[in-house]
Amino acid sequence: MNTIIPNAIERVLLDEETIAVRVHELAVQISTDYVKSDNLVLIGVLKGAFIFMADLARCLTVPHHVDFIALSSYNRGTVSTGAVRLIMDTRASVTGRHLLIVEDILDTGYTLDYLLRTFRARNPASLRTCVLISKPDRRQVEVPVDYLGFEIPNEWVVGYGLDYSDRFRTLPYIGVLKREMYK
Ligand code: PRP
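Residues numbered from 1 in each chain as written. Predicted model: local features only at pLDDT ≥ 70, side-chain atom pairs only at ≥ 80, totals over all residues. Heavy atoms only, no water.

A. The arrangement of the overall build of the protein chain in detail. Summing up its helical and strand segments, the protein chain has three helices and nine strands in all. Walking the protein chain from its N terminus toward its C terminus, one meets helices and strands in the order β-α-β-α-β-β-β-α-β-β-β-β. For 183 residues, the compact-globule formula gives about 16 Å, and the C-alpha radius of gyration of the protein chain, at 16 Å, lands near that figure. Projected onto its principal axes, the C-alpha coordinates of the protein chain cover approximately 50 × 40 × 25 Å. Classification of the 183 residues of the protein chain by burial places 44% in the buried group. A separation threshold of at least 6 residues defines the contact pool for the protein chain, and within that pool the share at least 24 residues apart is 65%. About 9,600 Å² of surface is accessible on the protein chain, with carbon and sulfur atoms providing 49% of the total. The positive charge centre, built from 21 side chains, and the negative charge centre, built from 22, are 6 Å apart in the protein chain. (Helix = DSSP H or I, 4+ residues; strand = E, 2+ residues; numbered from the N terminus. Rg over C-alpha atoms; globule rule 2.2 N^0.38 Å. Buried < 20%, exposed > 50% of the residue type's maximum accessible area, 1.4 Å probe, protein only. Contact = heavy atoms within 4.5 Å. Areas by Shrake-Rupley, 256 points an atom, 1.4 Å probe, with all protein chains shown as cover. Lys, Arg positive; Asp, Glu negative; His and termini not counted. Charge placed at Lys NZ, Arg CZ, Asp CG, Glu CD.)

Rendered as structure tokens:
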């Protein structure tokens, strides 16, 4: 298959196959860990996690439900202020259920920290996190990650759900955006 690489992309960081292999490995690990727990709910964080969530969920071999949450972070220019606002909650109650938060990217950590505090307060049976991409250099608040796809350097990446101004989300790979796009 020909891979289309828009002009705005400097290079492909993680190609389709690399992502697919890692997503499958994560799904195997999650399926093993949850084999005895019924009532597993994957909670995808919109919009970025929609593709990762769809691929991960379809690789799981344990029964599960899917639900979604949407957040908005208050950014001042390109700088995250750390303030997070809930704009769409899960459809179903999460109390007493095994929750796995599914995120595309962990950057400052503010979003996942907010989600963990929010869901912990709702008394789930358990609460874990699954993150495809982590940028450890950007962290402002430490958050636990139970299942991690890849650690990457501090570069702006797009594709596989990740965006720049809502563009490039549906590229099948994860690519590095040219600096001139956001400088
Ligand atoms: C991205 C990503 C995470 C968050 C991580 O969402 O999907 O939810 O940023 O950043 P943090 O660790 O610094 O909090 P974004 O606000 O870009 O919205 P989107 O998912 O709709 O693209």
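B. Spatial organisation of unusual backbone geometry. Of the consecutive residues Leu46 and Lys47, the connecting peptide bond is found in the cis state with omega at 0°. Here Lys47 lies in the loop between β2 (40–46) and α2 (50–59). The backbone phi angle of Tyr160 is positive, close to 50°, even though this residue is not glycine. Mapped onto the fold, Tyr160 is located in the loop between β8 (157–158) and β9 (174–177).

C. Representation of the sheet that holds β8. Across the sheet, three strands lie side by side as β1-β9-β8; this open sheet has antiparallel pairing. Two strands close off the open sheet at either side, each with one partner strand: β1 (9–14) and β8. (Pairing = 2+ DSSP bridges.)

D. Quick look at the packing of aromatic side chains. Scanning all chains against the criterion turns up two aromatic pairs. Here the aromatic rings of Trp156 and Tyr164 are separated by 5.3 Å at their centres, their planes lie at 85°, and the arrangement is edge-to-face. Judged by its relative accessible area of 28%, Trp156 is partly exposed. (Phe/Tyr/Trp six-rings, centres within 6.5 Å; stacked < 30°, edge-to-face > 60°.)

E. Region of interest: the pattern of salt bridges. Counted according to the given criterion, the structure contains 11 salt bridges. Residue Asp33 is joined to Arg128 by a salt bridge in which the shortest nitrogen-to-oxygen separation is 3.9 Å. Of this pair, Asp33 sits in helix α1 (residues 16–33) while Arg128 sits in strand β6 (residues 126–134), and the two are 95 residues apart along the sequence. Given a relative accessible area of 31%, Arg128 falls into the partly exposed group. Among the charged side chains, a network of salt bridges with common partners joins Lys47, Asp163, Asp166 and Arg169. (Salt bridge = Lys/Arg side-chain N within 4 Å of Asp/Glu carboxyl O.)

F. A look at α1. Taking 1.5 Å per residue as the helical rise, α1 with its 18 residues ought to reach 26 Å, and the 26 Å between its terminal C-alpha atoms agrees with that figure. Three or more residues of α1 are buried, namely Ile19, Val23, Leu26, Ala27, Ile30 and Ser31. With its buried residues spanning 135° around the axis, α1 presents them on a single face. Exposed side chains of α1 directed beyond 90 degrees from the buried face belong to Glu17 and Thr32. (Expected span 1.5 Å × (residues − 1). Arc of directions from axis to C-beta.)

G. Focus on the site of the ligand. Around the ligand there are 15 residues in total, and Glu103, Asp104, Thr108, Gly109 and Thr111 lie nearest to it. One of the backbone N or O atoms of Asp107 is found 2.9 Å from an oxygen atom in the ligand. For the ligand, an oxygen atom lies 3.0 Å from a polar atom in the side chain of Arg169. For the shell around the ligand, the elements supplying multiple residues, two or more each, are β5 (98–106) and α3 (110–120). When residues in the shell around the ligand are grouped by element, the largest group, four residues, is from β5. Considered class by class, the residues forming the shell around the ligand number four nonpolar, five polar and six charged. (Near = heavy atom within 4 Å. Polar contact = N/O pair within 3.5 Å; in protein donor to acceptor, adjacent residues only side chain to side chain. Nonpolar A, V, L, I, M, F, W, Y, C, P; charged D, E, K, R; others polar.)

H. Fine view of the pairing of β9. In terms of strand pairing, β1 meets β9 through four bridges, oriented antiparallel. Residue pairing in the sheet places Val12 in a bridge with Gly175 of β9. Pairing analysis gives two bridges linking β8 to β9, with the strands arranged antiparallel. Pairing of Val158 across the sheet is with Gly175, part of β9.

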